[in-house]
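One-letter residues, chain by chain:
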Amino acid sequence: MEQQKQKQLHIFFFPMMTHDHMILTLDMAKLFSSTTAAVKSTIITTPLNAPAFSTSIHSSQLDLQILDFPSATTGLPEGVENVDQCTSDEMVITFFKATALVQEPLERLLGEFICSFRGPLKQPRDSGSQGWCSMG
């Protein structure tokens, strides 16, 4: 009799890029991934915010994925990847506009995880969207 492979719940966290949110997200991800081997947590962040997480990740059940942040393309000074680094109200507005540009790379990253877990998908529920996985 063939044994069924135990499926692992994989939870993704993409915290608001502020110091307080990142601390709370790290604590929550650690809590989820420490409860059982059947749960894996992945925190998605940007290159300059990654050190806030990477020094605290000591478990194979907790992972870190990096997405580039479009600081330069939106007019933010190079190296601004956190709201706490904004020095004016205008810079905060620009920061949130840059954050919106992360949506497509984030969806692509999540789609890659879905494909590797489930295999090819025919089409997402939104019929106007392209499928994440090729059917080839």
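Residues numbered from 1 in each chain as written. Predicted model: local features only at pLDDT ≥ 70, side-chain atom pairs only at ≥ 80, totals over all residues. Heavy atoms only, no water.

**Q** I'd like a rundown of the environment of S33, residues and numbers included.
**A** Turning to its location among the elements, S33 is positioned in helix 1 (residues 19-35). As a C-alpha pair, S33 and Q61 span 28 residues in sequence and 5.5 Å in three-dimensional space. Setting aside its immediate chain neighbours within four residues, S33 contacts V39, S41, Q61 and L62. (Helix = DSSP H or I, 4+ residues; strand = E, 2+ residues; numbered from the N terminus. Contact = heavy atoms within 4.5 Å.)

**Q** Break down the pattern of salt bridges for me, citing the residues and quoting the values.
**A** A full pass over the atoms with the stated rule returns 1 salt bridge. With a closest N to O distance of 3.4 Å, R108 and E104 form a salt bridge. Of this pair, R108 and E104 both sit in helix 4 (residues 103-118), 4 residues apart, roughly one helical turn. Overall, E104 belongs to the exposed group, its relative accessible area being 55%. (Salt bridge = Lys/Arg side-chain N within 4 Å of Asp/Glu carboxyl O. Buried < 20%, exposed > 50% of the residue type's maximum accessible area, 1.4 Å probe, protein only.)

**Q** Account for the sheet that holds strand 2 (residues 39-45), naming residues and giving values.
**A** Strand-to-strand pairing in sheets goes through backbone hydrogen bonds, with the strands running parallel or antiparallel. What the 3 strands build is an open sheet, ordered 1-2-3; its pairing is parallel. Of all the strands in the sheet, the pair left with one neighbour each is strand 1 (9-13) and strand 3 (62-66). Direction aside, neighbouring strands of the sheet carry axes that sit 25° apart on average. Of the pairings in the sheet, the one linking strand 1 to strand 2 comprises 5 bridges and is parallel in character. Bridge assignment links I11 to a residue of strand 2, and that residue is S41. (Pairing = 2+ DSSP bridges. Axes fitted to C-alpha atoms, helices over the stretch in contact; angles between N-to-C directions.)

**Q** An account of the packing of aromatic side chains is requested, with residue identities and associated values reported.
**A** Enumeration according to the criterion identifies 4 aromatic pairs in this entry. Relative to F113, the ring of F12 has its centre 4.9 Å away and its plane inclined at 65°; by these criteria the two rings are edge-to-face. Taken together, the residues F12 in strand 1 and F113 in helix 4 connect sequence positions 101 residues apart. Residue F113 is classed as partly exposed on the basis of its relative accessible area, which comes to 21%. Aromatic pair F13 and F32: ring centres 5.9 Å apart, planes at 50°, arrangement tilted. With F13 in strand 1 and F32 in helix 1, this pair connects stretches of sequence that are 19 residues apart. Residue class for F13 comes out buried when judged on its relative accessible area of 10%. (Phe/Tyr/Trp six-rings, centres within 6.5 Å; stacked < 30°, edge-to-face > 60°.)

**Q** Could you give an account of the confidence of the model for the chain, naming the residues involved and the relevant values?
**A** Here the chain shows a mean pLDDT of 83. Residues at 70 or above account for 81%. No element of the chain has a lower mean pLDDT than helix 4, which averages 84, and none a higher one than helix 3 (residues 89-100), which averages 96. Scored below 50 in pLDDT, residues 1-5 makes 0 contacts in the model with residues more than four places away or belonging to other chains. This stretch, residues 127-136, has a pLDDT under 50; its non-local contacts, to residues over four places away or in other chains, come to 21 contacts. (pLDDT = per-residue confidence, 0-100.)

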